[in-house]
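Observations on the three-dimensional arrangement
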Amino acid sequence: MDLRLYIASRLVAIIPTLFLLSLLTFFFSKPYLPVYGSFLHGYFSYLSMIFHGNFGIINTAMFKGQFISGITLYFPVTLEIATLTSILTLLIGIPLGTYIGDSNNRSPDYLSRIITFAFYAMPVFWISIILEFTFGSRIGFFSGLFGGSSGLPVCGQGYSSAPNMPWITNDISSPTHMLFLDSLLHGDFTLAYIALLHLVIPVVALTLSMLSIIVRYIRGGIMDRSNSASTRNAVERGLNHRSITANYSMRNGYFPSATIIGLMMAYLLSGSLVVEYFFRINGLGFLTVEIISNLNSIKTNGLALASLVLFFGIIFMIANLAVDLVYYMLNPEVRV
Amino acid sequence: MSSLGLSYKAGKYENETVGSKLSFAMLLKKKRFLAGFIILLGYSIIAMMDVAVPEYLGAGYGLITQLTVFIRGTSTVPLPPTLKPSILYGSGPVWWYYLGTTYDGIPILPAILSSMYIDMGYTGLVVFLSSMTGLLVGTLSGYFGGIVDEVLMRFMDAFISLPFYVTAIGISLLFSISLQINNIPFDGLDVLSIALTISLFPVYARISRSATMNIRKTRYIDAAITGGSNHIKNLFQHVIPNALSPVIIQITLNVGSVILFLSFIEYLNLQNVFGLSKFLPDMGNLIAQGSLMVQPVPGGFSDWWTTAIPVLFLVIIVVGVNIMGDGLRDALDIGRRDV
């Protein structure tokens, strides 16, 4: 199948899924939506609201205003964290997974798997607490780290460190709302360093809790390859272990993991709820918690929550599509 | 070859034993499976003891529904596990205080033991319901294909697109509200587990669908059809038993999710919405409430045991079940059966 045809067919397949998603969203949030009458009548008035661009009004202590402006303000912050977390997870996860898969069923294999499972089992807010108290700016084991008496910053994104920047007026007002990127583009490397330091602990906390998943997939891929006929053939040809791993296992063993990386990114974009709440980062996760806890019987925030769920759903679909495209391009078997 | 520290087994090509039965006794010989199985069994026995002989906890008869039954005396300061029990602790068996006390003077050891019932029970319920629903939908979809497959999978796509935590919280909010409107008394935990089931089952459907599609292609299904077998018989005799192994592996991954979800609910301060008490005997609740007490002090953490000990118990069960799942996968994978 042609690549363009494949993309087109996938895009067409998204439309019914989107409708079903809106139906599910409506079903789950009906008591909070400003709709009346029967289910079907309510669903159609909900759809007409969406098609008219009425995504609801967010009314929380953190943000008051239209849903769209809330998203444009808070989503980039989450995007920045999700991107950095994905990069760090891959940087640690791929070598670790390869090493574990390579040392099949020996002690490094067991040990690393138990450690990554343990981080997977811990609630992410608990990991955050440990990291905050260990490396954070209060009294901790490493309080002298990164300049002076305080450790790594653990609250907010570092906007308070930039009061004299003309392009920053409040806590979320840099041009793209990603402070690290903005200060880099602005050429202000001191502020970029400060912004990056603010992201270290949240990103590490998320990375630790995500690591087990990627390590498991990479390990599985490598192990499957080392049991394959081509690897066996290479062993029989007398190639050494290192070149087998580098040339046969690694390249082919990473294929199945492509799926999980996209889903991980989508999960991070919607799932950093707890971490953002914990570190008071003005991202989409924190906004979600605020919206959920400000739901009430007079249907404040109801439509905004429904739109938010729809938005997360669309992110998942885009991620899925991207994953399938990458898979399609990498793996010749799918193309027939 | 052993000098490489890695044995390349002939695997798939040497012992082509597709469909050979795997006995439980064979599994128990695998160290990893055995270790995980013992941990799971231990937790389950404690959970069952909470129902069968609840008086072993020393807090009277009947299932423990509130941790307040363990409160003795008036001390609300968390006491460390290293201290010898004294008159300060109030009455109650000495063994209660071996792991210290947590918020409002609740001894941690009996609190954790009594939490096994809710944690293991609801985990089992959620995992069973979601895997069975997913297996049914997935095998039907994968076996029949065509329009059934398209419709079911579009639904699964929509379900999977919903973000896990937001969906689960949203669905449980919906249930709570409609139950409240109809004046039906409800348990917040039941509502939460239904919501978790709904948000978990599409994953099982996806997994069992792809397994089924692979089985559908094999010769023995054709052979069975030629031999006069009908679809229902095929599904239950050939497809489901063979699609079960990836589902079991996914189950081992989901074992911690109920406890983690409850801890997030408690930590995000949403427990009032579901009518959950601050004194619910549940590991997630203990972790969330205890984590509010931890503070950094020079040279360490104050009151670390209030949250670290429940986390330790959670980590033990999740790691144990995951190791068990790994052992199971290696055993079920025909190519690596005797590695």
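Residues numbered from 1 in each chain as written. Chains lettered and ligands numbered in written order. Predicted model: local features only at pLDDT ≥ 70, side-chain atom pairs only at ≥ 80, totals over all residues. Heavy atoms only, no water.

1. Points about the overall build of chain A
Along its length, chain A carries 13 helices and two strands. Evaluated residue by residue, chain A yields a buried proportion of 54% over its 336 residues. Across chain A, contacts joining residues at least 24 apart in sequence account for 68% of those joining residues at least 6 apart. Within the structure as shown, chain A displays about 14700 Å² of accessible surface, and the carbon and sulfur contribution to it stands at 68%. (Helix = DSSP H or I, 4+ residues; strand = E, 2+ residues; numbered from the N terminus. Buried < 20%, exposed > 50% of the residue type's maximum accessible area, 1.4 Å probe, protein only. Contact = heavy atoms within 4.5 Å. Areas by Shrake-Rupley, 256 points an atom, 1.4 Å probe, with all protein chains shown as cover.)

2. With respect to the layout of surface pockets
All names here are of chain B. Size it by volume and the second largest pocket reaches roughly 400 Å³. In this structure, the second largest pocket is lined by 18 residues; those nearest its centre are Leu 40, Val 127, Ile 251, Val 255 and Met 324. Going through the elements one at a time, helix H2 (31–52), helix H3 (108–144), helix H8 (231–254) and helix H11 (305–332) are the ones with two or more residues in the lining of the second largest pocket. No other element matches the seven residues that H3 contributes to the lining of the second largest pocket. Its residues assigned to classes, the lining of the second largest pocket shows 12 nonpolar, six polar and no charged. (1 Å grid on protein atoms, 1.4 Å probe; cavity = no way out; pocket = protein on both sides within 12 Å on 5 of 7 lines; lining within 4 Å. Points joined across faces, edges and corners; volume = space filled by probe spheres on them. Nonpolar A, V, L, I, M, F, W, Y, C, P; charged D, E, K, R; others polar.)

3. Description of the domain arrangement of chain A
Residues and elements named next belong to chain A. According to the domain assignment, chain A consists of domain 1 (1–54 + 295–336) and domain 2 (55–294). Taken residue by residue, the interface counts 21 residues in domain 1 and 25 residues in domain 2. For the domain 1 and domain 2 pair, buried surface summed over both sides reaches about 2200 Å², with 75% attributable to carbon and sulfur atoms. Ranking the residues of domain 1 by area buried against domain 2 places Asn 301, Leu 308 and Phe 312 at the top, with a combined share of 23%. Where domain 1 packs against domain 2, one counts zero salt bridges. Where domain 1 meets domain 2, there are three residue pairs in polar contact (both at pLDDT 80 or more). For the side of domain 1 that touches domain 2, the leading source of residues is helix H13 (residues 302–330), giving 14 residues. For the side of domain 1 that touches domain 2, the residue count by class is 14 nonpolar, seven polar and no charged. (Domains from an automatic or database assignment. Buried area = accessible area lost by both parts, 1.4 Å probe. Salt bridge = Lys/Arg side-chain N within 4 Å of Asp/Glu carboxyl O. Polar contact = N/O pair within 3.5 Å; in protein donor to acceptor, adjacent residues only side chain to side chain.)

4. Topic: the environment of Leu 280 of chain B
Residues and elements named next belong to chain B. Residue placement: Leu 280 occurs in the loop between helix H9 (257–267) and helix H10 (283–291). Assessed through its relative accessible area of 8%, Leu 280 is described here as buried. Along the backbone, Leu 280 and Ile 64 are 216 residues apart, and their C-alpha atoms lie at a distance of 9.0 Å. When sequence neighbours within four positions are dropped, the list of residues in contact with Leu 280 reads Thr 65, Leu 67, Ile 118, Leu 189, Glu 266 and Asn 285.

5. Remarks on the pattern of salt bridges
Residues and elements named next belong to chain B. Per the counting criterion, the structure on display carries two salt bridges over all chains. The salt bridge partner of Asp 104 is Lys 278, with a shortest N-O separation of 3.3 Å. With a gap of 174 residues between them, Asp 104 in the loop between H2 and H3 and Lys 278 in the loop between H9 and H10 connect regions that are remote in the sequence.

6. So, helix H6 (residues 188–216) of chain B
Residues and elements named next belong to chain B. Helix length check: H6 (29 residues) gives 41 Å between terminal C-alpha atoms against 42 Å at 1.5 Å per residue, within 8%. Within H6, the axis deviates most sharply at Leu 200, by approximately 30°, and proline Pro 202 lies no more than four positions further along. Of all 29 residues that make up H6, 21 are buried, and the element is covered over most of its length. (Expected span 1.5 Å × (residues − 1). Bend = angle between axes of the 7 residues up to and from the residue.)

7. Examining the confidence of the model for chain A
Mean pLDDT over chain A works out to 78, with 84% of the residues at or above the 70 mark. Model confidence for chain A, summarised as mean pLDDT per element, is weakest for helix H9 (residues 241–253) of chain A at 72 and strongest for helix H2 (residues 39–51) of chain A at 88. (pLDDT = per-residue confidence, 0-100.)

8. Some details on the packing of aromatic side chains
Residues and elements named next belong to chain A. Within this structure, the stated rule accounts for 19 aromatic pairs over all chains. A ring pair is formed by Phe 26 and Tyr 43, whose centres lie 5.6 Å apart and whose planes are at 55°; its orientation type is tilted. Taken as a pair, Phe 26 in helix H1 (residues 3–29) and Tyr 43 in helix H2 lie far apart in primary sequence, 17 residues in all. Exposure class is identical for Phe 26 and Tyr 43. Each is buried. (Phe/Tyr/Trp six-rings, centres within 6.5 Å; stacked < 30°, edge-to-face > 60°.)

9. Focus: the environment of Ile 215 of chain B
Residue and element names in this part refer to chain B. For Ile 215, the location among the structural elements is in helix H6. On the basis of relative accessible area, Ile 215 is assigned to the buried category, the value being 8%. With 60 residues separating them in the primary sequence, Ile 215 and Phe 155 have C-alpha atoms 23 Å apart.

10. Some details on the packing of H1 of chain A against H2 of chain A
Residues and elements named next belong to chain A. Remark: H1 packs on H2, axes separated minimally by 10 Å, with the N-to-C direction vectors making an angle of 120°. For the pair H1 and H2, the sense of crossing is right-handed. Residues Phe 19, Ser 22, Leu 23, Thr 25, Phe 26 and Phe 27 of H1 form the contact with H2, whose participating residues are Phe 39, Gly 42, Tyr 43, Tyr 46, Leu 47 and Phe 51. (Axes fitted to C-alpha atoms, helices over the stretch in contact; angles between N-to-C directions. Left-handed = near helix turned anticlockwise from the far one by under 90°.)

11. Considering the environment of Glu 80 of chain A
If you trace the backbone, Glu 80 of chain A turns up in helix H3 (residues 67–102). Accessibility expressed as a relative area gives 8% for Glu 80 of chain A, which makes it buried.

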